[in-house]
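Report on the structure
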Amino acid sequence: MKEKFNILTTTAVPLSIENIDTDQIIPARFLKATTREGFGENLFRDWRFESDNTPKNFVLNDDRYSGKVLVAGKNFGCGSSREHAAWAIADYGFRVVVSSFFADIFRNNALNNGILPVVISDTDLQQLLKSVTADPKTTVTVDLPAQTISAGGWSAKFDINPYKKDCLMNGYDDIDYLLSLRDEIRVFDHAH
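Below is a summary of the structure that appears in this document. It should be emphasised that the depicted structure is a prediction, and the values quoted were computed from it without experimental measurement. (Residues numbered from 1 in each chain as written. Predicted model: local features only at pLDDT ≥ 70, side-chain atom pairs only at ≥ 80, totals over all residues. Heavy atoms only, no water.)

Description of the overall build of the protein chain
Each helix and strand counted, the protein chain has 8 helices and 7 strands in total. For the protein chain, whose C-alpha radius of gyration is 18 Å, the value lies close to the compact-globule estimate of 16 Å for 192 residues. Relative to its 192 residues, the protein chain shows a buried fraction of 45%. For the protein chain, the share of sequence-separated contacts (at least 6 apart) that also reach a separation of at least 24 residues comes to 66%. Accessible area for the protein chain stands at about 10100 Å²; split by element, carbon and sulfur atoms hold 49% of it. Positive and negative side-chain charges of the protein chain, numbering 21 and 26 respectively, have mean locations separated by a distance of 2 Å. (Helix = DSSP H or I, 4+ residues; strand = E, 2+ residues; numbered from the N terminus. Rg over C-alpha atoms; globule rule 2.2 N^0.38 Å. Buried < 20%, exposed > 50% of the residue type's maximum accessible area, 1.4 Å probe, protein only. Contact = heavy atoms within 4.5 Å. Areas by Shrake-Rupley, 256 points an atom, 1.4 Å probe, with all protein chains shown as cover. Lys, Arg positive; Asp, Glu negative; His and termini not counted. Charge placed at Lys NZ, Arg CZ, Asp CG, Glu CD.)

The following block contains the structure:
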């Protein structure tokens with residue numbers, strides 16, 4: 001079981017770059033491990049550090065920004081279908097990624113790894129990015145049961161597959177979900 005997701009209120013990290021692909025999220029040279037731990041330290045590695053490990057001027061290196069919500073530009077998670085990208089985001093500590101569009105495979109990998117991908121309109125995304133960038137102390141509330149995201153006086157609704165919503169709210173992966181139905185499955189089995 002994973003950590004349950006209900007309502008999250010936290011500060012956010014603005015990353016207003018569009019078309020962030022999975023190789024930028026976690027470069028291919030770090031894909032040697034087969035467990036999910038340890039990928040967070042290399043999240044956006046080539047954007048965060050020089051080849052000699054000197055920190056670059058990048059938002060994840062800016063102490064003003066922190067939190068469990070990553071607010072990213074349009075078309076997040078495009079490129080190759082590596083689940084390691086979701087592992088790196090989760091291992092770094094993000095629970096939510098907000099964008100106006102996600103690549104389908106990344107969105108599914110995120111949901112399967114306990115990360116909520118929140119899709120909002122381009123206009124709402126720009127407003128949220130502007131608010132978080134201007135004031136790093138801006139708190140963002142993601143209410144999964146109500147399917148809303150808000151910050152200050154701004155609010156937007158988002159859609160999510162009902163099955164994936166149930167899994168996130170209960171901390172289930174696909175197997176946990178099936179196990180939660182074992183009594184119903186037994187009743188069905190005995191009836192047929």
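From this point, the discussion proceeds with the structure in view.
What about unusual backbone geometry?
Backbone geometry at Phe-44 places phi at a positive 50°, although glycine is not the residue there. Mapping Phe-44 onto the fold places it in the loop between helix 1 (22-25) and helix 2 (45-48). We classify Phe-44 as buried; its relative accessible area is 0%. The residue Asn-53 is not glycine, and still its phi comes out positive at about 70°. Mapped onto the secondary structure, Asn-53 falls in the loop between helix 2 and strand 2 (69-72). Judged by relative accessible area, which is 46%, Asn-53 ranks as partly exposed.

Focus: the sheet that holds strand 1 (residues 7-15)
Across the sheet, 7 strands lie side by side as 4-3-2-1-5-6-7; this open sheet has mixed pairing. Bordering the open sheet on either side are strand 4 (116-119) and strand 7 (154-157), each of which pairs with just one other strand. Between one strand axis and the next, the sheet turns through 25° on average, direction left out of account. Relative to strand 5 (residues 139-143), strand 1 runs antiparallel, the two sharing 5 bridges. Of the residues in strand 5, the one forming a bridge with Ile-7 is Asp-143. (Pairing = 2+ DSSP bridges. Axes fitted to C-alpha atoms, helices over the stretch in contact; angles between N-to-C directions.)

Focus on the side chain of Ser-99
With respect to the helices and strands, Ser-99 occurs in strand 3 (residues 96-99). Taking relative accessible area as the criterion, Ser-99 reaches 0% and is therefore assigned buried. At a separation of 2.7 Å, a polar atom in the side chain of Ser-99 contacts the main-chain carbonyl oxygen of Gly-73. At a separation of 3.0 Å, a polar atom in the side chain of Ser-99 contacts the main-chain carbonyl oxygen of Phe-101. Excluding residues within four positions of it along the chain, Ser-99 makes contact with Ala-72, Gly-73, Lys-74, Asn-75, Phe-76, Val-118, Val-119, Ile-120 and Leu-125. (Polar contact = N/O pair within 3.5 Å; in protein donor to acceptor, adjacent residues only side chain to side chain.)

A short note on a nonpolar patch on the surface
On the surface, a cluster of nonpolar side chains totalling about 370 Å² of accessible area is made up of Ile-175, Leu-178, Leu-179 and Ile-185. Top contributing element to the nonpolar patch by residue count: helix 7 (residues 174-180), with 3 residues. (Patch = residues over 30% accessible without salt bridge, like charges linked within 9 Å, V, L, I, M, F, W, Y side chains within 5 Å. Salt bridge = Lys/Arg side-chain N within 4 Å of Asp/Glu carboxyl O.)

What about the nonpolar core?
For soluble globular proteins, the rule of thumb is that nonpolar side chains tend to be buried together. Counting 28 residues, the largest nonpolar core has Ile-25, Phe-44, Phe-76, Ile-89 and Phe-106 as its most contacted members. Of all the secondary structure elements, the ones that give two or more residues to this core are strand 1, strand 2, helix 3 (84-92) and helix 4 (104-112). Examining the composition of this core, we find that 5 residues originate from one element, helix 3, more than from any other. When near neighbours in sequence (up to four residues on either side) are disregarded, Phe-44 contacts Leu-15, Ile-20, Gln-24, Ile-25, Phe-58, Leu-60, Leu-70 and Phe-76. Formed by 25 residues, the second largest nonpolar core is a distinct cluster that contains Ala-12, Ile-120, Leu-128 and Leu-144. (Core = buried A, V, L, I, M, F, W, Y, C linked by side-chain atoms within 4.5 Å.)

Some thoughts on the packing of aromatic side chains
The full count for this structure, using the stated rule, is 10 aromatic pairs. The interplanar angle of 80° and the centroid separation of 6.1 Å between the aromatic rings of Phe-76 and Phe-102 together place this pair among those described as edge-to-face. One end of the pair, Phe-76, is in the loop between strand 2 and helix 3; the other, Phe-102, is in the loop between strand 3 and helix 4, and 26 residues separate them in sequence. Taken together, Phe-44, Trp-47 and Phe-58 form an aromatic cluster joined through their ring pairs. (Phe/Tyr/Trp six-rings, centres within 6.5 Å; stacked < 30°, edge-to-face > 60°.)

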